[in-house]
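# Coordinate inspection notes
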Amino acid sequence: MLSGCSSAPPSPAPQIIRLTCQSLTPCQLPPASPANNGDLLDQLTQTEAAWASCAAQVNILITCQQRQKQQGSEDGKAKTDP
């Protein structure tokens, strides 16, 4: 008897797992109202730290997107998010 003619239940459909990159949070700079040179220097340090944090988020997202694009081309098809 051919296996295609049996009354076995059909196999379940494969589960699709979508890997996505993390979402970004808006970059925010601390408010500034320096009253003297010391305050201005402190503000510069805080602003540079805020920009570094924002740049790190963007770099993580770019790396993730490049990895997904590379994996998609290795599989022979492009993977895109809706």
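Now for a quick tour of the structure. Just so it is clear, the model here is predicted, and its values are computed rather than measured.

## Concerning the state of the cysteines
For the structure on display, the rule yields two disulfides. The disulfide bridge from Cys21 ends at Cys64, spanning 2.0 Å between sulfur atoms. The S-S bond linking Cys21 to Cys64 shows a torsion near -95°; that makes this disulfide left-handed. Residue Cys21 is located in the segment before α1 (37–74), and its partner Cys64 is located in helix α1; the two are separated by 43 residues in the primary sequence. Here Cys21 falls in the buried class, since its relative accessible area comes to 18%. Here Cys27 is linked by a disulfide to Cys54, with a sulfur-sulfur distance of 1.6 Å. Its S-S torsion of approximately 70° makes the covalent link between Cys27 and Cys54 right-handed. Taken as a pair, Cys27 in the segment before α1 and Cys54 in helix α1 lie far apart in primary sequence, 27 residues in all.

## Some remarks on a nonpolar patch on the surface
The grouping of Leu24, Val58 and Ile62 at the surface amounts to a nonpolar patch, some 220 Å² of accessible area in total. Looking at the secondary structure, you find Ile62 in helix α1. Assessed through its relative accessible area of 39%, Ile62 is described here as partly exposed.

What counts and what doesn't
Numbering of residues starts from 1 in every chain and runs along the sequence as written. For this predicted model, a pLDDT threshold of at least 70 governs which residues receive local features, and a threshold of 80 or more governs which side-chain atom pairs are given and counted, while totals over whole chains, interfaces and linings are taken from all residues. Computation of side-chain values: all heavy atoms of the structure, hydrogens and water removed. Two cysteine sulfur atoms form a disulfide, by the criterion used here, when they sit within 2.5 Å. Each helix is a run of H or I in the DSSP string that is no shorter than four residues. Each strand is a run of E no shorter than two, and both are numbered from the N terminus. Think of it in three bands: residues with accessible area under 20% of the maximum for their type are buried, residues over 50% are exposed, and the middle band is partly exposed, with areas taken using a 1.4 Å probe on protein chains only. Patches here: salt-bridge-free residues with over 30% relative accessible area, like charges joined within 9 Å, nonpolar side chains (Val, Leu, Ile, Met, Phe, Trp, Tyr) joined within 5 Å. Areas reported here follow the Shrake-Rupley algorithm with a probe of radius 1.4 Å; residue values treat only the protein chains shown as occluding. The rule for a salt bridge is simple: a side-chain nitrogen of Lys or Arg has to be within 4 Å of a carboxyl oxygen of Asp or Glu.

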